[in-house]
Amino acid sequence: MTADSSIRERNIRERIAAARRELGKDLVVLAHYYQNIDIVRSADFVGDSLQLARIASRQHETRYIVFCAVSFMAEMARILCEPRQKVFHPEPSAKCPLAEMALIDDVEKAWELLTATGRHLMPVVYVNSRADLKAFCGKNGGFVCTSANAKEAMEYVLSRDAIPFFFPDENLGSNTAHAMGIPDNEIFLWDPFHDIPDTGLPDIAGKKAILWKGFCYVHVAFRPSDIEEIKKTHGDISVIVHPECTPDVVNLSDHVGSTSYIKSTIEAAAAGTKWAVGTEVNFVNCLRADNPDKLIIPLRECECRDMSHVTLLKFLTVLENILEGKDQPEVTVDPGDARYARVALERMLAIT
Ligand code: SF4
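Residues numbered from 1 in each chain as written. Predicted model: local features only at pLDDT ≥ 70, side-chain atom pairs only at ≥ 80, totals over all residues. Heavy atoms only, no water.

Structural notes on empty space enclosed by the protein
Thinking step 1. What the rule picks out here adds up to 1 cavity of 30 Å³ or more.
Thinking step 2. Approximately 260 Å³ is the volume found for the largest cavity.
Thinking step 3. Its residues assigned to classes, the lining of the largest cavity shows 15 nonpolar, 9 polar and 3 charged. (1 Å grid on protein atoms, 1.4 Å probe; cavity = no way out; pocket = protein on both sides within 12 Å on 5 of 7 lines; lining within 4 Å. Points joined across faces, edges and corners; volume = space filled by probe spheres on them. Nonpolar A, V, L, I, M, F, W, Y, C, P; charged D, E, K, R; others polar.)

Observations concerning the pattern of salt bridges
Thinking step 1. A full pass over the atoms with the stated rule returns 20 salt bridges.
Thinking step 2. When the shortest N-O distance is used, the salt bridge between Glu-267 and Lys-263 registers 2.8 Å. In this pair, Glu-267 and Lys-263 are both assigned in helix 11 (residues 259-268), 4 residues apart and thus about one turn of the helix distant.
Thinking step 3. A relative accessible area of 39% means that Glu-267 is categorised as partly exposed.
Thinking step 4. Here Lys-326 ties to Glu-324 by a salt bridge, and the two come within 3.3 Å at their closest N and O atoms.
Thinking step 5. Residues joined in a network through salt bridges with shared partners are Glu-9, Arg-13 and Asp-38. (Salt bridge = Lys/Arg side-chain N within 4 Å of Asp/Glu carboxyl O. Helix = DSSP H or I, 4+ residues; strand = E, 2+ residues; numbered from the N terminus. Buried < 20%, exposed > 50% of the residue type's maximum accessible area, 1.4 Å probe, protein only.)

Observations regarding the site of the ligand
Thinking step 1. Close to the ligand lie Tyr-34, Val-70, Cys-96, Pro-97, Leu-98, Asn-128, Cys-216, Tyr-217, Val-218, Glu-244, Cys-304 and Met-307.
Thinking step 2. One can see that the ligand is located within the largest cavity.
Thinking step 3. Split by residue class, the shell around the ligand holds 10 nonpolar, 1 polar and 1 charged. (Near = heavy atom within 4 Å. Sits in = over half its atoms within 2 Å of the grid points.)

Brief notes about the state of the cysteines
Thinking step 1. Overall, the coordinates contain 0 disulfides when judged by the stated rule.
Thinking step 2. No disulfide involves Cys-68; its sulfur sits 13 Å from that of Cys-286, the nearest cysteine.
Thinking step 3. Judged by relative accessible area, which is 0%, Cys-68 ranks as buried.
Thinking step 4. Cys-302 takes part in no disulfide bond, and the closest cysteine sulfur, belonging to Cys-245, lies 8.3 Å away.
Thinking step 5. A relative accessible area of 6% places Cys-302 in the buried class. (Disulfide = S-S within 2.5 Å.)

Here's the deal with the side chain of Asn-149
Thinking step 1. Inspection of the secondary structure assignment puts Asn-149 in the loop between strand 6 (143-145) and helix 7 (150-159).
Thinking step 2. Polar contacts involving the side chain of Asn-149 include one to the main-chain amide nitrogen of Thr-146, which spans 2.7 Å.
Thinking step 3. In this structure Asn-149 touches Leu-50, Met-348 and Thr-352, once residues within four positions along its chain are discounted. (Polar contact = N/O pair within 3.5 Å; in protein donor to acceptor, adjacent residues only side chain to side chain. Contact = heavy atoms within 4.5 Å.)

And the structure:
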């Protein structure tokens, strides 16, 4: 970083701090763990999707919520907050590519064909999804889940003698199904681009889970060879990965779990332990800064380019626009979608 850019960043940080002081309790800032470390340090609350959904639903006192993450998370805050509250996202074009891999028309078509088989299905949508898919689940007796509670969600569905129709992340679905003892031959993979039959119905006899063929480009970048290399170099290092990684990576790892699980596991570990972390690199950098008594390295440097579209400067602009009373786009969700998405989100919060 040059001297000029360092002065500019310090100036931005000081203006953010000043705006925050002036807005006081009228403002709450939520940030996902994968945000840049400076944004994480400026937030009131930092968490994974589940934690932030819960926190957003409890902000009754505040007037403004600024959500630093990708757009579906800001939409979730909009769905869960009160109508009088204003929700802002510093970069509305920052979308999660995984969330864009399941579109409502394709999901409705799949649902029509799958339910026509006569099997009892229940839709479960990963939180990384558009609001209209969450609404689809709300309307069809299903619910939302996160990587922290996907197993509880699938168990709930099976306990009601139904088959989970899980979208859009195949890897989270496979890893969760495997953890529940469901083998690959009892999983049906729905490929929205190739598997829609022209005639007849999909053969899902004997299947215990139906998964959508979607993926997170950040987490599928980890390879089994990364684990082999790092174990060769560091010997007694523990490998901990996110369940959006592919099953071959998960199978070779020592621990697997959501972002909050990774954080709490490493924080609780003994001083001097060594960790290779298979998830987004900004989060790994924060973990390293917060746990100087341990060796923490990324399993591979994988950054979510979409999360990084939210910058300190865009965050500052939102705060100063609020202070100056300038018009700026609010996060909005179609009221019909919001109503049913809220149903699906509240079902999740009730069972986890
Ligand atoms: S890390 Fe993956 S799932 Fe998370 S926001 Fe980025 S692309 Fe989406």
